[in-house]
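Structure assessment
Residue-level listing of the chains:
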Amino acid sequence: MTSALITGASAGLGRALAFALARDGWTLTIDARHPGPLERTAAELAALTEVRALPGDVADPAHRAALVAAATEGWPLDLLVNNASDLGGSPLPALRDLEPAAYERLWRVNVLAPQQLVRAALPHLRPGAVVVNLSSDAGAAHYETWGGYGSTKAALDHQTLTWAAEEPSFTWYAADPGDMHTAMHQAAFPGEDISDRPEPETVAPLLVALVGSGRPSGRYVVADLPAGNQVSAA
């Protein structure tokens, strides 16, 4: 039995990834902040696999503890996907306008929560398990108004590869999925038509392929994955 924990799994890439793994027979533990969408997602997934769903905020230590406990009850964990993220407002503010409370929230969700979830899950990870932290091109490039979100994703990239150096018995991926047609991406571009972006359902299989690829720990651009063995760590 292969088991995965996916945060932020009621919408977007997290939801698409949950269904892709469910179709491959993975047992799932998922979470999201809003109970209604999470319950609907869990009900659909239950037709495909065993699923445990816990509503809550990954910034909440009590929720993180409950999430790891649920994910590891009865079996070790094969895959942890830190997908839940906070964007930092819509429209995105320039750094000069980014309020302390909003910036602190970004760091608690996008950096602290993944580190603490991994820390709690480490004793329960199966040897050879994979941890995926969802990155962004905003963590590697510099765009106006993306400084708050992008700096947290840059920190998450650094964190991921430090985990790889410290815990080499597991595989660690900072995975940049690229732009997608999601509600979160739409919030970053209010009023604009982003329908030309790839749907998350087309990106999720590439992420599943990365998880099973045996590639070394590193930062990967998911859009490069169709090149097969030509993919290189970024």
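Residues numbered from 1 in each chain as written. Predicted model: local features only at pLDDT ≥ 70, side-chain atom pairs only at ≥ 80, totals over all residues. Heavy atoms only, no water.

Secondary structure assignment for the protein chain yields 7 helices and 7 strands. For 234 residues, the compact-globule formula gives about 17 Å, and the C-alpha radius of gyration of the protein chain, at 17 Å, lands near that figure. Dimensions of the protein chain, computed from C-alpha atoms along their principal axes, come out at roughly 50 × 40 × 35 Å. Here the protein chain holds 234 residues, and 51% of them are scored as buried. The contacts of the protein chain with a sequence gap of at least 6 include a subset with a gap of at least 24, amounting to 66%. In the protein chain, which carries 15 positive and 26 negative side-chain charges, the distance between the mean positions of the two groups comes to 4 Å. (Helix = DSSP H or I, 4+ residues; strand = E, 2+ residues; numbered from the N terminus. Rg over C-alpha atoms; globule rule 2.2 N^0.38 Å. Buried < 20%, exposed > 50% of the residue type's maximum accessible area, 1.4 Å probe, protein only. Contact = heavy atoms within 4.5 Å. Lys, Arg positive; Asp, Glu negative; His and termini not counted. Charge placed at Lys NZ, Arg CZ, Asp CG, Glu CD.)

Glancing now at the sheet that holds strand β2 (residues 27–32). A sheet is described by the order of its strands in space; here 7 strands give the open sequence β3-β2-β1-β4-β5-β6-β7, paired in parallel fashion. At either margin of the open sheet sits one strand with a lone partner, and together these are β3 (51–55) and β7 (218–221). Across the sheet, the mean angle separating the axes of adjacent strands is 15° when strand polarity is ignored. In this structure, strand β1 (residues 3–6) lies alongside β2, joined through 4 bridges in parallel fashion. Paired with I6 across the two strands is I30, which belongs to β2. (Pairing = 2+ DSSP bridges. Axes fitted to C-alpha atoms, helices over the stretch in contact; angles between N-to-C directions.)

Which parts of space are left empty comes out when a probe the size of a water molecule is rolled across the atoms. In this structure the tally under the stated criterion is 1 cavity of 30 Å³ or more. Of the voids in this model, the largest cavity is the one considered here, and its volume is about 40 Å³. Forming the boundary of the largest cavity are L87, G88, L92, P93, L98, L106, T145, G148 and Y149. In the lining of the largest cavity, the residues fall into 6 nonpolar, 3 polar and no charged. (1 Å grid on protein atoms, 1.4 Å probe; cavity = no way out; pocket = protein on both sides within 12 Å on 5 of 7 lines; lining within 4 Å. Points joined across faces, edges and corners; volume = space filled by probe spheres on them. Nonpolar A, V, L, I, M, F, W, Y, C, P; charged D, E, K, R; others polar.)

Take helix α2 (residues 35–45) next. The complete set of buried residues in α2 reads L38, T41, A42 and L45. Considered in projection along α2, the buried side chains sweep an arc of 100° and stay on one side of the axis. Looking at α2, the residues exposed on the side facing more than 90 degrees away from the buried face are E39, R40 and A43. (Arc of directions from axis to C-beta.)

Within the structure shown, the criterion is met by 8 salt bridges. D57 serves as the salt-bridge partner of R105, at 2.8 Å between the closest nitrogen and oxygen. Of the two residues, R105 is situated in helix α4 (residues 100–121) and D57 in the loop between β3 and α3 (61–71); the sequence distance between them amounts to 48 residues. Overall, the relative accessible area of 17% leaves R105 in the buried class. A residue is classified by how much of its surface remains accessible, and D57, at 22% relative accessible area, is partly exposed. (Salt bridge = Lys/Arg side-chain N within 4 Å of Asp/Glu carboxyl O.)

Let us look at the packing of aromatic side chains. Taken as a whole and judged by the stated rule, the model has 5 aromatic pairs. Considering the side-chain rings of W146 and Y149, the 5.7 Å spacing of their centres and the 70° angle between planes classify their relative orientation as edge-to-face. The buried category is assigned to W146, whose relative accessible area is 13%. Ring geometry for W163 and W172: centres 5.4 Å apart, planes at 5°, overall stacked. Judged on exposure class, the residue W163 and its partner W172 are both buried. (Phe/Tyr/Trp six-rings, centres within 6.5 Å; stacked < 30°, edge-to-face > 60°.)

Further remarks concern the packing of helix α1 (residues 12–23) against helix α7 (residues 200–211). At a closest axis distance of 8 Å, the pairing of α1 and α7 adopts a crossing angle of 55°. Classified by the angle between their axes, α1 and α7 sit oblique to one another. α7 is crossed by α1, and the crossing has right-handed handedness. Between α1 and α7, the residues in contact are G12, L13, A16, L17, A20 and L21 and P200, E201, V203, A204, L207 and V208, respectively. For the contact of α1 with α7, the residue count by class is 10 nonpolar, 1 polar and 1 charged. (Parallel < 35°, antiparallel > 145°, perpendicular 65-115°, else oblique. Left-handed = near helix turned anticlockwise from the far one by under 90°.)

With 22 residues, α4 should cover 32 Å at 1.5 Å per step; its first-to-last C-alpha distance of 30 Å lies within 8% of that length. A bend of about 40° at L112 is the largest found in α4, and the proline P114 appears one to four places after it. For α4, the full list of buried residues reads R105, L106, V109, N110, V111, A113, P114, L117, V118 and A121. Its buried side turned inward, α4 meets α3, β4 (77–82), β5 (125–134), α5 (147–166) and β6 (171–176). (Expected span 1.5 Å × (residues − 1). Bend = angle between axes of the 7 residues up to and from the residue.)

Another aspect to go through is the pairing of β3. As paired elements, β2 and β3 share 5 bridges and run parallel to each other. Looking across to β3, one finds that L28 is bridged to V51. Handedness of the β-α-β unit built from β2, α2 and β3 comes out right-handed. (Right-handed = clockwise from strand over helix to strand, strands pointing away.)

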